[in-house]
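Each chain, letter by letter, is given below.
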Amino acid sequence: MTVESTAARKPRRSAGTKSTAGKTTSARKTASAEPELVQLLTPEGKRVKNAEFDKYVAGITPEELRGLYRDMVLTRRFDAEATALQRQGELGLWASLLGQEAAQIGSGRATREDDYVFPTYREHGVAWCRGVDPTNLLGMFRGVNNGGWDPNSNNFQLYTIVIGSQTLHATGYAMGVAKDGADSAVIAYFGDGASSQGDVAESFTFSAVYNAPVVFFCQNNQWAISEPTEKQTRVPLYQRAQGYGFPGVRVDGNDVLACLAVTKWALERARNGEGPTLVEAFTYRMGAHTTSDDPTRYRGDEERQSWEAKDPILRLRAYLESANHADEGFFAELETESEALGKRVREAVRAMPDPDRFAIFENVYADGHALVDEERAQFAAYQASFADVEGA
Amino acid sequence: MAAEKMALAKAINESLRRALETDPKVLVMGEDVGKLGGVFRVTDGLQKDFGESRVIDTPLAESGIVGTAIGLALRGYRPVVEIQFDGFVFPAYDQIVTQLAKMHARSLGKVKLPVVVRIPYGGGIGAVEHHSESPESLFAHVAGLKIVSPSNASDAYWMMQQAIQSDDPVIFFEPKRRYWDKGEVVTDAIPGPLHKAQVAREGRDLTLAAYGPMVKTCLEVAAAAAEEGRDLEVLDLRSVSPLDFDTIQTSVEKTRRLVVVHEAPVFFGSGAEIAARITERCFYHLEAPVLRVGGYHAPYPPARLEEEYLPGLDRVLDAVDRALAY
């Protein structure tokens, strides 16, 4: 495995370091030492060998590589458009994925159609890979619905706002897959902050105990709003898996090839009945947590700059160019496609109608509920009273 | 007709057995539900007959139990999960309230979550802290959940069948102090709707409305009051959400007086909701304010004090006297 240099990372010390100095535990040592991470493409775009994981991308064609590049560029363009739309007042909020395109596209493209994905609220790239129309992702951020798509159309669950809840849903779903004797796999996305939640710990326990075919894909983007990973854990996150009895691996989250390979490996384990895997994609949230956040209050420019040097899109472009897998025409065409996507998203959001006011009472229950019926009728009478006034 | 006298706990056991036999998608999950048969033996023998993949002993993690049940329901299963005691449901409260209750609406009706959460609840068994609580109002306040509580063996059997068949999440509160009370269960009768209240005893002077463990207490109250020449009607509400206000209204229009009895604290409890709505509906029929008898705004007390805390014969009779004095 290739070891990434730690030189570019700004060293951080946890609040407790001073008081525990001199009584350093092995855990602290482990946390401060940068663990190995799986990398197939260096930040400069050089392909490096990996004895364990190369085989998972061995047959990849130049066309497929261009496809990964296209996915990342279009996802970034979509994300930028959504951020702009929030600034223009068209969306109430947006959670940007800027910087995490490789983690999402690599893992998303590793999934099979019959696999099932349980996202958090930032998995726009994974949604793209699953065929969810990006405009559907914007409804809840615009405030016209609380979901926006049929989870079963693309085997892509609704976004989950409560941190870590979906890891248990994924585990239960995977338990069901195993009961059905199917060879599908399930993948649950969550972040470094979520790793502190009890539900994530419980999902590790359940998935291990029942040998559930689930992949836990943690995008460690270094920040849980303003709190660094050091506020969540004293050991590298991927090592958590060991305590539950299943493998964990850290992958370069800005390397789309490595994310693709490692996720394929983990999904294959799941399909083969080998149980859960924890993948920690070591990446970086280049933007704010959401558009309500102000990262200048808790982190400096130099950190972001160090990560910009590892940009997932530039890295693959460098590789495509050096390997003569893409020409200028491809990049120009993609630029045009990217602008068209931005325009389509912009127009779709602005054309999104407000929901019917009676939607408040719809689908509260599958089998109906007397109180909902009563309140709907009261609401209707109240609304009708305005019509009487207008008609008078 | 196949009729059998059985304890309420046994009736739930038989009901779960029938559901497991009828529908291969039904699962029973929880801590100790397998080999032990549950701490109250409600699931006794089910794992032996249906196997570990249908009757699942889970890790000791309530949020995990409900959260994975949600995932199983998304996959097409119908999990019936057991929370061992009322006071232990709170680690799972997040999953129940933020996920289980809302996913149907969030998916615009595309996703259904037919999950039953069984909770043995209420006091009167001399238990330690967190083993005697009545948190039904905390769940009834949440749209997307249905809340029911049987008071007798027959209802326990049939309401469990109906809860499992419901496409909505149902919180099934089991009156643990009535687990051992026997009643006749007719297993091939066609039951009434799950959320319909029943008149447990007819009367003309005052209506006592209760559910779960307090129905028996109210029937005892009515019997005692009858000796004093008072003819009380007793309603078994059976469902807390939705609440069958029509049946309560019909009764109150006849008796003109209403006392609501539950074990949960009175403050912001289900009795407050009933009092408010019945006052709206029956203002000109009422001869007295709707009175409530229930627990105090205090932590559930140690066992040696629970008889003071729980509504008993005398406290309910006192409320009856007050209502009739208007």
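A quick note: this is a predicted structure, and the numbers were derived from the prediction, not measured.

Caption draft 1: Structural detail: the packing of helix H8 (residues 165-180) of chain A against helix H4 (residues 90-100) of chain B. Two numbers describe how H8 of chain A lies on H4 of chain B: the axes approach to 11 Å, and their chain directions differ by 85°. If you check the angle between H8 of chain A and H4 of chain B, you find them roughly perpendicular. Facing Ser165, Leu168 and His169 of chain A of H8 of chain A, the residues of H4 of chain B in contact are Asp94, Gln95 and Gln99 of chain B. Grouping the amino acids of the contact of H8 of chain A with H4 of chain B by side-chain chemistry returns 1 nonpolar, 4 polar and 1 charged.

Caption draft 2: The environment of Ala69 of chain B, seen in detail. Mapped onto the elements of the fold, Ala69 of chain B is located in helix H3 (residues 62-74). For Ala69 of chain B and Asp94 of chain B, which are 25 residues apart along the polypeptide, the C-alpha to C-alpha distance reads 14 Å.

Caption draft 3: Structural detail: the sheet that holds strand S11 (residues 232-236) of chain B. Residue and element names in this part refer to chain B. Pairing in this open sheet of 5 strands is mixed, and the strands run S9-S11-S10-S13-S14 from one edge to the other. In this open sheet, the two strands that pair with only one neighbour each are strand S9 (198-201) and strand S14 (291-295). Geometrically, the sheet is characterised by an average inter-axis angle of 25° between neighbouring strands, direction not taken into account. Bridge count for S9 against S11 is 3 bridges, and the pairing is antiparallel. Note on S11: the bridge partner recorded for Val199 is Leu235. Contacts between helix H9 (residues 245-255) and the sheet are confined to strand S10 (206-210), S11 and strand S13 (258-265), with S11 contributing the most and set at about 175° to the helix. This element, helix H10 (residues 270-282), spans S13 and S14 of the sheet and lies at about 155° to S13.

Caption draft 4: Fine view of the packing of aromatic side chains. Tallied over the entire structure, the rule returns 42 aromatic pairs over all chains. Between Trp149 of chain A and Phe156 of chain A, the ring centres sit 5.9 Å apart and the planes meet at 35°, which makes this aromatic pair tilted. Across from the ring centre of Trp307 of chain A, 3.9 Å away, lies the NZ or CZ of Lys310 of chain A, which sits over that ring. Over the ring of Tyr77 of chain B we find Lys25 of chain B; its NZ or CZ atom is 4.4 Å from the centre of that ring.

Reading the values: the criteria
Counting of residues starts from 1 at the beginning of each chain's written sequence and follows it residue by residue. For naming, the first written chain is A and the first written ligand is 1, with later ones following in the order written. At least 70 in pLDDT is required for a residue's local features to be given in this predicted model, at least 80 for side-chain atom pairs to be given and counted, and no such filter applies to totals for whole chains, interfaces and linings, which use all residues. To get the side-chain values, take all heavy atoms of the structure and skip hydrogens and water. With axes taken as lines fitted to C-alpha atoms, and helix axes fitted only over the stretch in contact, angles between N-to-C directions fall between 0 and 180 degrees. In this text, helices come from DSSP runs of H or I with a minimum length of four residues, and strands from runs of E with a minimum of two, each type numbered from the N-terminal end. Throughout this description, any angle smaller than 35 degrees is read as roughly parallel, any larger than 145 degrees as roughly antiparallel, any in the 65 to 115 degree range as roughly perpendicular, and the remainder as oblique. The contact definition used throughout considers only heavy atoms, calling two residues in contact when any of these lie within 4.5 Å. Ten residue types, Ala, Val, Leu, Ile, Met, Phe, Trp, Tyr, Cys and Pro, are classed as nonpolar, four, Asp, Glu, Lys and Arg, as charged, and the remainder, Gly among them, as polar. At least two DSSP bridges between two strands are required for those strands to pair. Ring geometry is summarised as follows: Phe, Tyr and Trp rings, the Trp one being its six-membered ring, pair when their centres sit within 6.5 Å, and such pairs are stacked at plane angles under 30 degrees, edge-to-face over 60 and tilted between the two. Two conditions define a charge sitting above a ring: the NZ of Lys or the CZ of Arg must be within 6 Å of the ring centre, and it must be within 35 degrees of the ring normal.

Read these as spatial facts, not as claims about activity.
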